[in-house]
Amino acid sequence: TGDSVTAAELNTLDGKTSVDVEVSTTTVTGTIADLTKVYVTNKANFANLGTENVTISDTVSAAQANTIAKATSGDVTAATVTAATAATLKAALADAKDTDTLTLTVNGATATAADLIALDGKTKGIVTVTATEVTGSYDNLVTVYDTNKANFVLGDENIKITDSTVTAAKLN
């Protein structure tokens, strides 16, 4: 009971009783190992679990962050999600939502603007792009580089427009 509890504390309580541990807190924090034990491995040992905000304190893969996002309707915060390609992050974060705060870094040779837009919809955090090239339709590139540019850290990547034709007026 209270505003915040650590996953380690919940695991300790779980180890001391044979009845379900009642969870009535707004936030659970901890390492991915402790959080996974609470939300996945020993989930059945906890009552009223699954609506809390969760803060992951260590570096996690996108798949690990997604496991926690799937286990709670609350917001998930992960300060460091291991860098991966845009397509890999998008696929791994199937259950992440736009109220989660996931610090994402897109690496690799190419990222599509469509995948970057999808990632932007899975976090209210900033998406850093270190990919060598960003490709996409003119409209999707405008979304990334103009409309939603505050949501991205963009660098010296090459930009490739995939539309078969683009008017000169749009390019100016």
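Residues numbered from 1 in each chain as written. Predicted model: local features only at pLDDT ≥ 70, side-chain atom pairs only at ≥ 80, totals over all residues. Heavy atoms only, no water.

Chemist: Help me out: how do you make sense of the overall build of the protein in this one?
Modeler: The helix and strand inventory of the protein stands at 7 helices and 13 strands. Relative to its 172 residues, the protein shows a buried fraction of 36%. Relative to all contacts within the protein whose residues are 6 or more apart in sequence, the contacts with residues 24 or more apart total 53%. Of the accessible surface of the protein, which amounts to about 8600 Å², a share of 51% is contributed by carbon and sulfur atoms. Taking the 11 positively charged and 20 negatively charged side chains of the protein as two groups, their mean positions are separated by 4 Å. (Helix = DSSP H or I, 4+ residues; strand = E, 2+ residues; numbered from the N terminus. Buried < 20%, exposed > 50% of the residue type's maximum accessible area, 1.4 Å probe, protein only. Contact = heavy atoms within 4.5 Å. Areas by Shrake-Rupley, 256 points an atom, 1.4 Å probe, with all protein chains shown as cover. Lys, Arg positive; Asp, Glu negative; His and termini not counted. Charge placed at Lys NZ, Arg CZ, Asp CG, Glu CD.)

Chemist: Before we go on, may I ask you to explain helix H2 (residues 32-41) in this structure?
Modeler: An α-helical turn contains 3.6 residues, so any two residues separated by three or four positions project in the same direction. Turning to H2, its buried residues are Ile32, Leu35, Val38 and Tyr39. Buried residues of H2, viewed axially, fall in a sector of 130°; they line one side. Along H2, the residues that are exposed and aim more than 90 degrees away from the buried face are Ala33 and Thr41. As for H2, its buried residues are in contact with helix H1 (7-15), strand E3 (25-30), strand E4 (46-47), strand E5 (53-56) and helix H3 (62-71). (Arc of directions from axis to C-beta.)

Chemist: Sorry if this is basic, but what is going on with the environment of tyrosine 39 here?
Modeler: Summarising the element assignment, tyrosine 39 is placed in helix H2. A sequence separation of 33 residues divides tyrosine 39 from threonine 72, and the C-alpha atoms of the two residues are 8.2 Å apart. Non-local contacts of tyrosine 39, meaning those with residues more than four positions away in its chain, are made with Val28, Leu49, Gly50, Glu52, Val54, Ile68, Ala71 and Thr72. Among the polar contacts listed, one links the side chain of tyrosine 39 to the side chain of glutamate 52, at a separation of 2.8 Å. (Polar contact = N/O pair within 3.5 Å; in protein donor to acceptor, adjacent residues only side chain to side chain.)

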